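# Secondary and tertiary structure notes
Here's the letter readout for the chains.
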Amino acid sequence: MKMFWKKLHISRSFSVLAVDDGYIRGGRFQRKGKVWKLIEFAEEQLDPANPQAAWKKVARSAGLSEFRAVTGKIGNSTFFRFPSVKMDAAAQRGAVEFELPRNMLRVPDDHRCQFCVSGHTAESDGVMVNVAVFSGRAMDDFASRLAAMGISADEFIHPFMAVDDQDDSLILPELEPEFAYMKDSWMPMPSDEECRINSEKWENRLRKHFILPDSKDFVFRNFQMLLLAAEVIAGSQMHDSPEAFRVLPDSARPVRFRGHLIVTGILLLLLLVSLVWRFSLTYGRDVTEYRKITAETKALKNKTSELKKTIKRNSKELKEMTRLVAMNVGEPDAIAEFALFSETLPANILVSSIRWNETDIDAVVQCEDSNIDFDALFRSLKYWKVTQQQRQNPGSAVATMTLKLTPYDAKDKK
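These numbers come from a predicted model, not from an experiment. The numbering scheme is per chain: residues are counted from 1 as the chain's sequence reads. Thresholds applied to this predicted model are a pLDDT of at least 70 for local features of residues and 80 or more for the giving and counting of side-chain atom pairs; totals over whole chains, interfaces and linings are not thresholded and use all residues. Only hydrogens and water are set aside; all other atoms, that is, all heavy atoms of the structure, feed into the side-chain values.

### Description of the sheet that holds strand β2 (residues 23-32)
Hydrogen bonding along the main chain pairs the strands of a sheet, whether they run parallel or antiparallel. For clarity, the cut-off: A pair of strands counts as paired when DSSP detects no fewer than two bridges linking them. Secondary structure elements are defined from DSSP: runs of H or I of at least 4 residues count as helices, runs of E of at least 2 residues count as strands, and each element is numbered from the N terminus. Note on definitions: a residue-residue contact is assigned when non-hydrogen atoms from the two residues lie within 4.5 Å. Between N-to-C directions, angles span 0 to 180 degrees; the directions come from axes that are lines fitted to C-alpha atoms, helices contributing only their stretch in contact.
Taken in spatial order, the six strands make up an open sheet running β8-β4-β1-β2-β3-β11, and their pairing is mixed. Looking at strand neighbours, the two that pair on one side only are β8 (155-156) and β11 (210-211), the edges of this open sheet. Contacting β1 (13-19), β2, β3 (35-45), β4 (68-72) and β11, helix α6 (residues 220-234) runs over the sheet at an angle of about 140 degrees to β1.

Here is the structure:
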């Protein structure tokens, strides 16, 4: 916000609306070198039955510039000056709050203060501070009136804020019909002659700071309150401490640049669409080709992975088939051989297991006689011989024996 006010101080234009019990006046100021020129002004009498018409007409004539202020009469407001020391706005506000009970008969519970440095005292760091105090309720009512008239403003400027060491007296009957601010104190309203002299003094001062219209429709006394507020805006008071002037509620302030932001957003969107369209025209074919190649590469990788899995699976199956092929097909006369084997064994011998290997036969038999000679028993077969005979459980009534029968010519068997 402070940066905004600093920018305002060197900006090109501002406008002020001033209202009293009977009239509303407006003016628009534009910078001309080191001075400001009142380039537009308007004055309308307020119709109690339809005040909105006068407000809108004057506001339309003055225009909504980079900054708009309102000034005028607000009930339950007070102005005073007090000596202080030079300090920042936050600390100065504390000093202002301390001075309120000393300069007001009753301090409203809900009040708002507007203050600024307006001169110096005899001390080296001493300053004079202008203070305008408003009732919060009265200021909110004024803001509601502005809203009802369709008017928005950046700030309210009390016209007495223009008082300083150079001109410490100001008479504005439209604001205070019974009292005048004379030599830093409120006095009863002086004579008409003193009022005229005071007005001429302020006119001479303000004409040095503003280029005023040379027109019979422009009467300085009618626009004096407006010019006093403009003096505060054009001076350094608001530039140095803008937060010290904030008394209007945020709801009364204008929302600027909304249309500009909307247009900016639309233009940015169009620019983005244009960039996308240009990119698609320039690189669209390359992007499409790249996506195609990427998709093909991914498909080839998937296919390669599947082929590797298939090769691995087929290799495993091939090994199994090779192993099966390498195996002997077996003995085609096994049944006949087993029949002869069974006939050769005596009836009191039990064969518990038998296995025919590629060249020999392993058998486990049980019998009552552990001394039986199986080699002589199988010699009658003319083909098999007992090459291994092992007895188990020799002390048992039933002997268990493991036999290995091998052909006489194993090479021929194979």
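That covers the picture; the talk isn't over yet.
### Re the nonpolar core
What tends to happen in soluble globular proteins is that the nonpolar side chains get buried as a cluster. Here is the rule we go by: We define the nonpolar core as a collection of buried residues of types Ala, Val, Leu, Ile, Met, Phe, Trp, Tyr and Cys that are connected through side-chain atoms lying within 4.5 Å of one another. Exposure categories follow from relative accessible area, calculated using a 1.4 Å probe and restricted to protein chains: below 20% of the type maximum is buried, above 50% is exposed, and the middle band is partly exposed.
Residues F29, W55 and F156 are the most contacted members of the largest nonpolar core, which totals 75 residues. Considering each element in turn, this core owes the most residues, 10 residues, to α6. Those residues in contact with W55 that lie beyond four places of it in its chain are L17, V19, I24, L46, R145, L146, M149 and I151. Counting 17 residues, the second largest nonpolar core, distinct from the first, contains A363, C367, I372 and V386.

### Examining helix α4 (residues 136-148)
Let me state the cut-off plainly: In a helix, the anticipated span is given by 1.5 Å times the number of residues less one. An arc is given here, and it is the one of the directions from the helix axis to the C-beta atoms.
With 13 residues, α4 extends 18 Å between its outermost C-alpha atoms, agreeing within 8% with the 18 Å of an ideal straight helix rising 1.5 Å per residue. Among the residues making up α4, those that are buried are G136, A138, M139, F142, A143 and L146. Along the long axis of α4, the arc covered by the buried residues comes to 165 degrees, so they all point the same way. Exposed and oriented more than 90 degrees from the buried face of α4 are R137 and A147. In the core, the buried residues of α4 are packed alongside β1, α2 (51-62), β4, β6 (111-120), β7 (126-135) and β8. Backbone geometry just after α4 places G150 at a positive phi near 75 degrees.

### Brief notes about the pattern of salt bridges
This is how it is decided: Salt bridges are defined as contacts in which a side-chain nitrogen from Lys or Arg sits within 4 Å of a carboxyl oxygen from Asp or Glu.
Per the stated rule, a full pass over the model turns up 23 salt bridges. Here R196 makes a salt bridge to E193, at a shortest N to O gap of 2.2 Å. Here E193 and R196 lie together in helix α5 (residues 192-209), a separation of three residues that amounts to about one turn. Taking the relative accessible area as the measure of exposure, E193 reaches 41% and is therefore partly exposed. Put simply, D362 and K404 hold a salt bridge, and the shortest N to O gap is 2.7 Å. Of this pair, D362 sits in strand β13 (residues 361-367) while K404 sits in strand β15 (residues 399-407), and the two are 42 residues apart along the sequence. The class for D362 is buried, based on a relative accessible area of 18%.

Keep in mind that these numbers describe shape and distance, not what the molecule does.
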